[in-house]
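Survey of secondary and tertiary structure
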Amino acid sequence: MHCHLDAPANAVSVCRDAAQVAVAGRSIFKIYAIEEEQFVEKLNLRVGRKPSLNLSCADVVWHQMDENLLATAATNGVVVTWNLGRPSRNKQDQLFTEHKRTVNKVCFHPTEAHVLLSGSQDGFMKCFDLRRKDSVSTFSGQSESVRDVQFSIRDYFTFASTFENGNVQLWDIRRPDRCERMFTAHNGPVFCCDWHPEDRGWLATGGRDKMVKVWDMTTHRAKEMHCVQTIASVARVKWRPECRHHLATCSMMVDHNIYVWDVRRPFVPAAMFEEHRDVTTGIVWRHPHDPSFLLSGSKDSTLCQHLFRDASQPVERANPEGLCYGLFGDLAFAAKESLVAAESGRKPCAGDRRHTIFFKRKLDSAEPFSGLASSALSVFETEPGGGSMSWFVDTAERYALAGRPLAELCDHNAKVARELGRNQVAQTWTMLRIIYCSPGLVPSANLNHSVGKGSSCGLPLMNSFNLKDMASGLGSETRLDRSKGDTRSDTVLLDSSATLITNEDNEETEGSDVPADYLLGDVEGEEEELYPLDPEHVHPEEPEYVLPQEAFPLRHEIVDTPSGPEHLQEKADSPHVSGSEADVASLAPADSSFSLLSISHTLYDSRLPADFFSVLVCDMLRFYAEQGDVQMAVSVLIVLGERVRKDIDEQTQEHWYTSYIDLLQRFCLWNVSNQVVKLSTSRAVSCLNQASTTLHVNCSHCKRPMSSRGWVCDRCHRAASTCAVCHHVVKGLFVWCQGCSHGGHLQHVMKWLEGSSHCPAGCGHLCEYA
Amino acid sequence: MRLASAANEAYTASLAVSELLGCKQCGGGRGQDEELGIRIPRPLGHGPSRFIPEKEILQVGREDAQMHALFADSFAALGRLDNITLVMVFHPQYLESFLKTQHYLLQMDGPLPLHYRHYIGIMAAARHQCSYLVNLHVNDFLHVGGDPKWLNGLENAPQKLQNLGELNKVLAHRPWLITKEHIEVCSNVSDSFFEVEALMEKMKQLQECRDEEEASQEEMASRFEIEKRESMFVFSSDDEEVTPARDVSRHFEDTSYGYKDFSRHGMHVPTFRVQDYCWEDHGYSLVNRLYPDVGQLIDEKFHIAYNLTYNTMAMHKDVDTSMLRRAIWNYIHCMFGIRYDDYDYGEINQLLDRSFKVYIKTVVCTPEKVTKRMYDSFWRQFKHSEKVHVNLLLIEARMQAELLYALRAITRYMT
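Below or above, wherever it landed, is the structure these notes cover. What you are looking at is a predicted structure, and each value in this text was computed from that prediction instead of being measured. (Residues numbered from 1 in each chain as written. Chains lettered and ligands numbered in written order. Predicted model: local features only at pLDDT ≥ 70, side-chain atom pairs only at ≥ 80, totals over all residues. Heavy atoms only, no water.)

1. Topic: the sheet that holds strand S16 (residues 167-172) of chain A
Residues and elements named next belong to chain A. Under the convention used in this document: Here a strand pair is declared whenever DSSP counts at least two bridges between the two strands. Here a strand is any run of E in DSSP of at least two residues, a helix any run of H or I of at least four, and the numbering for each starts at the N terminus. A fitted line through C-alpha atoms serves as each axis, taken over the contacting stretch for helices, and the angle formed by two N-to-C directions is quoted from 0 to 180°.
The antiparallel open sheet is built from four strands, whose spatial order is S14-S15-S16-S17. At either margin of the open sheet sits one strand with a lone partner, and together these are strand S14 (146-151) and strand S17 (181-184). Geometrically, the sheet is characterised by an average inter-axis angle of 15° between neighbouring strands, direction not taken into account. Where S16 and S17 come together, four bridges link them in antiparallel fashion. Within S17, the residue paired with Asn167 across the bridge is Thr184.

Take a look at the structure:
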């Protein structure tokens, strides 16, 4: 229910009986009767010849004891009281012109009939006794403008005031000389405050910093109890009657809605009223004991009555979900119960195959927000040892990346992968070899093998699994591998399973397809191999690396680099960004070329230039990278070198390199990581092992740092370290015994120790070198 | 003009380009050089300011620790210690905030490419024929890789910037005419473009600042309307002819559009009520939303400028100057049609005498016309530092006035 006012409103206030509402603004001051279906204008208080600034209201308040008494705060600094009981048309009662600046707020004492308090831009608060002509006492905040003043509902003598500089002060009405307590509540102006109607000493404050804070003032120091983060500066805050933890807020800028918050749930409003088309300037609960009616005035010149049951509840539209990985690879997933129930209903097979997964479900007790937050928690645990990364370490150590002809490198790496049971990877290496090396060199057995696989297995995998879950892909691959002899039946089998997975992928949410994927593997009973390639286990941090490049608008620096646009282009083409349909489309050409390849090898020699495949190879690299197997991507990149490097943009390469190096270092594979750094062509990467290579040494005699040269001290002019064996200065690697601190050239000492275990210096120590 | 010459005085290498270009309009005393076909820059005065005697200004090397740190920061950020800094260091507290804001807007990450920012700076500065500032931004513009072709005129710049042209003009001279339609034109091209306003304002302010360079405070109320009406008669008689500034600037000047008195302007423009839209409550939130952190920086700067006081006035000590500062601030806003309900505009007449009003109005509305005579003729007993203080107040008040109008238009556009 709403009505149109003639002018924007600045504030609203209700009469004690909740039957009338006063609306005040720059050029409006009216009283409306609240009827069943509408507002009816009762009285226009702006009377008189010409508009005076005294009537330009910043605030209005209706006395809660006397239904004839109102007060307004004028923008020119005047406080006006109104007596509706006056017989004349002009109801203006008294005029206090003591403030020098705009009066931001007026407030009646909740129980005392004649006490009025005002807070002004000039930094002063004044207390008026309506039986007298001027103020009874003046309170100086000693800081900037006063934005709000509120009498405590529970403590007779106490009032709170808020200031533009972020402070909140507590005053005793009898002691104008100094405030009882002062603390900084917000960063920037505190626009409003409200005492809790029941809980004694609870004060809610709202500020320009977009926060609403609830303070407990009963303790020695004001204690922050709750903090609600809103999206815009908070102009008004009002506790909701009869609901201990609810409060209503509206904003001063940008946001026009009124929110009702449960302070214990500070991120999602409990209710939201979206009627106003411009900022809401005044809100008030209609009756102090009725939580369902809220009145509001707005700059859009309307007065509204909101019914709480009509409010939209953002909570209902939100899907509470949470996903988290445990230290040992366990996955916990919590979602709204209804969602989870619907999921499991749709997937009858999931219940049967849970050999490797423990599925726990428990209901959260929904205590604080009954009915709103009931959710189901699922925990997927991995078997001990299932998340082993030994394949990664083995691969990293055994791969050959350089120093031999390409064909040998590929064969070697294919062999390593096959021995570790990673057949798809092995297959890829073999394919690379075929593409980039002369076909005549391929052993025929190997060729047959690869053809059979290339046409039947590799492609369906890439297409239909949608690059999503390697585990499922591997499952079917393993199966293929076992029945290698019968290629045809494999293909049929694989096709059906692939279709199954594709469908599920389309229907299911990400969290819930985990059981389905494991299911496939379980059929084969080869759990061991399921886990290693699960991308989430391998590279939990992988998505974090990828996303920032795209999730944020490009800054100008990036635009400036010439490769910027191309980078974008490629990204857009990559499977990671596009939807599943696009993936299939972009990979479709790959399909044909693969089959072309296999035919050409078996029937006639391929004369296609290697460049012809570079698009395909790049797609393949990205495929692996998306899977989380940067190891493969980087290894291929290094092995192929110039052949593919130009087709993949620098940033992507760099990103793969850094991810892989990071992983290697986590597994303490320092040598491998250094080799990768060395072999990389990306400048940002290859400079990694150029950093902090300086070793600082102190002179063994004078203990001072040797700054200019590492082997002779500038101060004592002595060679710092001489070899105990040859008595020459050691300029390179120096090894010494930790027991007697004698040592020398690494080679010399090693040689010496072959013949004697005593110190070469002759100190008699039985040296031990680690 | 005056600034242009000030620029010439600064024989810094980084300014070489602008000096060579700018000296053309310095006028006088270079006949021979022209005969030879060589233009040699000549200092027209000494020290950072033409209005303040050099000996009144702090000598580099004699600054205290705080000032030294400021100089160091300024030098690190700009690669030079410019004249504005040397003049503003009369008020280190303000200078610090000023430099921080300037640095954030012009050099830090933001929604606009760096060369766009400097280009906007050129556009804004050219509105007041401030060749010093134009040159400064031209240098920076080229330095960050801007396309020199753009400098041949606005029509060579991208559409996005061209759309800003009209807004820039209105904002510089008659901000009360800004409507949400202006904002629409700009934002059609790009959503993130709102931010430009804030930036632009900033530039303008920079420009003012350079134009002022000197100024303060003194012993120091009728109605808003009277003041408003009177303010338009306050103009100096010495209206010296201004020659268009140097090459680049020329392309951006449209001398047909200038400040027109708020109230004399043909159509009726409603008075802007601060109580309905003010910086603290509304402007700040909007700016911070559009360009995070900038609101905070500008807010801080307004605060410092408005509250700065040493409780001195000429030779008197322990004086509460808040009333005078408020009068100056409100007088400027008055000229832009911004009204405070809670202010008695009669105070202005009591506190500000005519020569001071002439100065204020010239600096705020047509800074290119300020002369040394105007500067000298007001507040004769006051210290130069106090006059500089006044200029800081003028800069900030004008900037806030423009921001208020621009931000209100954006708010209206958004709702």
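2. A closer look at the environment of A:Arg422
Selection rule: Burial classification: accessible surface area is computed with a 1.4 Å probe over protein chains only, and a residue below 20% of its type maximum counts as buried, one above 50% as exposed, and the rest as partly exposed.
Here A:Arg422 shows up in the loop between helix H4 (406-419) and helix H5 (423-436). What makes A:Arg422 buried here is its relative accessible area of 4%.

3. Structural notes on the packing of aromatic side chains
All names here are of chain A. The test is simple: Two rings from Phe, Tyr or Trp (for Trp, the six-membered ring) form a pair when their centres sit within 6.5 Å of each other. Planes less than 30 degrees apart are called stacked, planes more than 60 degrees apart edge-to-face, and all others tilted.
Taken as a whole, this structure holds 37 aromatic pairs over all chains when the rule is applied. Pairing Phe151 with Phe159 gives two aromatic rings, centres 6.0 Å apart and planes at 70°, and the pair type is edge-to-face. Relative accessible area serves as the criterion here: at 0%, Phe159 is assigned to the buried category. Taken together, a centroid distance of 4.7 Å and an interplanar angle of 55° make the contact between Phe183 and Trp215 tilted. Here Phe183 is found in strand S17, whereas its partner Trp215 is found in strand S20 (residues 211-216), with 32 residues between them in sequence. The class of Phe183 is buried, set by a relative accessible area of 14%.

4. Overview of the side chain of A:Asn257
Residues and elements named next belong to chain A. Put simply, the test is: N or O atoms closer than or at 3.5 Å make up a polar contact, with two conditions inside protein: a donor-capable atom paired with an acceptor-capable one, and, for residues adjacent in sequence, both atoms drawn from side chains. Two residues form a contact once any of their heavy atoms are found within 4.5 Å.
Looking at where Asn257 falls in the secondary structure, it is placed in the loop between strand S23 (246-251) and strand S24 (258-262). Classification of Asn257 as buried rests on a relative accessible area of 16%. In terms of polar contacts, Asn257 uses its side chain to reach the side chain of Tyr259, at 3.5 Å. Among residues more than four places away in sequence, those in contact with Asn257 are Thr249, Cys250, Ser251, Met272, Phe273 and Glu274.

5. Looking at the sheet that holds strand S2 (residues 11-14) of chain A
All names here are of chain A. The antiparallel open sheet is built from four strands, whose spatial order is S2-S3-S4-S5. The outermost strands of the open sheet, each flanked by one partner alone, are S2 and strand S5 (39-44). Here the average twist between neighbouring strands, direction ignored, is 25°. Bridging between S2 and strand S3 (residues 20-25) involves four bridges; their strand directions are antiparallel.

6. Quick word on the pattern of salt bridges
All names here are of chain A. Applied cut-off: Basic side-chain nitrogens of Lys or Arg form a salt bridge, by our definition, when they fall within 4 Å of a carboxyl oxygen of Asp or Glu.
This structure, assessed with the given rule, holds 30 salt bridges over all chains. Residue Lys30 is joined to Asp6 by a salt bridge in which the shortest nitrogen-to-oxygen separation is 2.5 Å. Here Lys30 is found in strand S4 (residues 28-34), whereas its partner Asp6 is found in the loop between strand S1 (2-4) and S2, with 24 residues between them in sequence. Here Lys30 falls in the buried class, since its relative accessible area comes to 6%.

7. Focus: the interface of chain B and chain A
The line we're drawing: Accessible area that two parts lose when put together, evaluated with a 1.4 Å probe and summed over both, is termed the buried area.
Chain B puts 25 residues into the contact, and the matching count from chain A is 25 residues. Buried surface at the junction of chain B and chain A, summed over both partners, amounts to about 2,200 Å²; 48% is from carbon and sulfur atoms. Area buried by chain B at its contact with chain A is led by B:Asp281, B:Asp341 and B:Asp342, which between them contribute 24% of it. Counting across the interface, chain B meets chain A through five salt bridges. Across the pair B:Asp299 and A:Arg208 runs a salt bridge, and its minimum N-O distance is 3.0 Å. Counting every contact that joins chain B to chain A gives ten residue pairs in polar contact (both at pLDDT 80 or more). Listing elements by their share of the side of chain B that touches chain A, those giving two or more residues are helix H7 (114-126), helix H14 (279-290) and helix H15 (294-307) of chain B. If you tally residues by element for the side of chain B that touches chain A, the top one is H14(B), at seven residues.

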